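Each chain, written out:
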Amino acid sequence: MSPAVRDRSRVSPYTGTLTPPELPDSGIVVVKYGGHAMVDTGLRQAFARDVVELRAAGLRPVVVHGGGPQISGMLGRLGLETRFEAGLRVTTPAAMDVVRMVLSGQVQREIVGHINAHGPFAVGLTGEDARSMTAVRRRAVVDGREVDLGLVGDVVDVDPGLLHALLAQGHIPVVSPVARGDDGKVYNVNADTAASALAMGLGADRLVMLTDVEGLYADWPRSTEVIGRLSADALDALLPELESGMLPKMEGCLRAVRGGVGRAHVLDGRVPHALLRCLLDRDAPGTTVFPACGEEREAVVAHTRPLPSPHRSLMPKVIGQPGSGRVDRRAAGAGPVG
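Residues numbered from 1 in each chain as written. Predicted model: local features only at pLDDT ≥ 70, side-chain atom pairs only at ≥ 80, totals over all residues. Heavy atoms only, no water.

1. Digging into the overall build of the protein
Logical step 1: What the protein contains, in helices and strands, is nine helices and 19 strands.
Logical step 2: Burial statistics for the protein: of 338 residues in total, 55% are counted as buried.
Logical step 3: Sequence-distant contacts, at least 24 apart, represent 74% of the contacts inside the protein between residues at least 6 apart. (Helix = DSSP H or I, 4+ residues; strand = E, 2+ residues; numbered from the N terminus. Buried < 20%, exposed > 50% of the residue type's maximum accessible area, 1.4 Å probe, protein only. Contact = heavy atoms within 4.5 Å.)

2. Focus on the packing of aromatic side chains
Logical step 1: Summed over the entire model, instances satisfying the criterion amount to one aromatic pair.
Logical step 2: Ring geometry for Tyr33 versus Phe47: centroids 3.8 Å apart, planes at 0 degrees, classification stacked. Placement of Tyr33 in strand 3 (residues 28–33) and of Phe47 in helix 1 (residues 41–56) is noted, with a sequence separation of 14 residues between them.
Logical step 3: Judged by its relative accessible area of 3%, Tyr33 falls in the buried class.
Logical step 4: A relative accessible area of 5% means that Phe47 is categorised as buried. (Phe/Tyr/Trp six-rings, centres within 6.5 Å; stacked < 30°, edge-to-face > 60°.)

3. What about helix 5 (residues 191–202)?
Logical step 1: End to end, helix 5 covers 16 Å across 12 residues, agreeing with the expected 16 Å (1.5 Å per residue, within 8%).
Logical step 2: The buried fraction of helix 5 is high, at 12 of 12 residues.
Logical step 3: Between the side-chain oxygen of the N-cap and the backbone nitrogen of Asp192 there are 2.8 Å, and the N-cap of helix 5 in question is Asn190.
Logical step 4: Phi turns positive, to about 70 degrees, at Gly203, one or two residues after helix 5. (Expected span 1.5 Å × (residues − 1). Polar contact = N/O pair within 3.5 Å; in protein donor to acceptor, adjacent residues only side chain to side chain.)

4. Some details on the environment of Pro248
Logical step 1: When you line up the elements, Pro248 lands in helix 7 (residues 247–258).
Logical step 2: Take Pro248: its relative accessible area is 7%, and that puts it in the buried class.
Logical step 3: Along the chain, Pro248 and Ala191 lie 57 residues apart, while their C-alpha atoms are 9.2 Å from each other.

5. Brief notes about the nonpolar core
Logical step 1: Within the largest apolar cluster, 86 residues are counted, with the highest numbers of intra-cluster contacts made by Val30, Ile115, Leu207, Leu235 and Met250.
Logical step 2: Examining the composition of this core, we find that 10 residues originate from one element, helix 3 (residues 93–116), more than from any other.
Logical step 3: Beyond its immediate chain neighbours, meaning those up to four positions away, Val30 contacts Val62, Val64, Ala195, Leu198, Ala199, Leu202, Ala204, Arg206, Leu207 and Val208.
Logical step 4: Residues Leu88, Val142, Val147 and Leu149 belong to the second largest nonpolar core, which totals six residues. (Core = buried A, V, L, I, M, F, W, Y, C linked by side-chain atoms within 4.5 Å.)

6. Description of the sheet that holds strand 7 (residues 122–126)
Logical step 1: The strand order across the open sheet built from eight strands is 7-12-4-3-15-17-18-16, with neighbouring strands paired in mixed fashion. The open sheet has two edge strands with one neighbour each: strand 7 and strand 16 (229–231). The average undirected angle you get between the axes of adjacent strands in this sheet is 20 degrees.
Logical step 2: In this structure, strand 3 lies alongside strand 4 (residues 60–65), joined through six bridges in parallel fashion. (Pairing = 2+ DSSP bridges. Axes fitted to C-alpha atoms, helices over the stretch in contact; angles between N-to-C directions.)

7. Things to note about unusual backbone geometry
Logical step 1: Despite not being glycine, Ala130 shows a phi value in the positive range, around 55 degrees.
Logical step 2: Positionally, Ala130 belongs in the loop between strand 7 and strand 8 (133–137).
Logical step 3: A residue is classified by how much of its surface remains accessible, and Ala130, at 52% relative accessible area, is exposed.
Logical step 4: Phi is positive for Arg131, close to 50 degrees, though the residue is something other than glycine.
Logical step 5: Relative to the helices and strands, Arg131 is located in the loop between strand 7 and strand 8.

8. Considerations on the pairing of strand 15 (residues 206–211)
Moving residue by residue along a regular strand, the side chains alternate between the two faces of the sheet.
Logical step 1: Burial analysis of strand 15 places six of its six residues in the buried class, the great majority of the element.
Logical step 2: Summarising the sheet, strand 3 and strand 15 pair through four bridges and their orientation is parallel. From the neighbouring strand, Val31 faces strand 15, where its bridge partner is Val208.
Logical step 3: Where strand 15 and strand 17 (residues 263–268) come together, six bridges link them in parallel fashion.

Here you go:
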């Protein structure tokens, strides 16, 4: 049986084109918001308008934001050391206090304010709220030795109940990637990882990663040709060759489509309204990752079914070298938001 769809055809006031998407009834789109789109004033305002436009088109956006530059700036002003190991920020308890303060008290509030300039839609929260995300301490290995990253975490579980309730009320959740563990500690989580986990936990139709490049390059740095579409299996084969900056994003996309999300997109956030064009127009810019042949229809049909329970584990799918127990050990290039 074909999945139920809603006709959301309309004319976008920003793109000026017909917008004819037919997505399954959940309509949930998780957007990882980061990069230059968070720094440039015009792009920040355009992003907020786009998110509200998606809501008006009948979709249900969820925003997960980064904030690494803002965290580094505040650490510097407070005279606290910024140190990286294996591409990851070492997060001490003092640094973690700054991470929480900057992400949920500054960056998140600015995003909520920009969106709410168009109506009372956005609600800010972190992964700590209602235990929406649960994390465990992440471990990394450098030159054969294990290094202590401090309070850097990986998401191992998502409880989407609060987010579903907010979406049902017409709100736009804006999520800071901070999560508490079963050990009572609070962890700094990579925003790409958090967005991917939430997309799976929510049963989202789409995951969108905004970044500072046009998409996944076919042969970087020898060529700037962008791969428009590729399957999950093709992306899996490419992962070992990717630069560290793209690795967490593409890992997140792969994890999402293999975890039931219908499509994952990597877009150039420096282009105004790229998000809107990706989701509401026929031709999506950037790179689109879709399930492997034979999985695509099953994934789409699955999105129209209710979640089996309000608390959904993310552990069955692990990318790369698996760790022990519930820990998800990813490649060293997949760093935290700060």
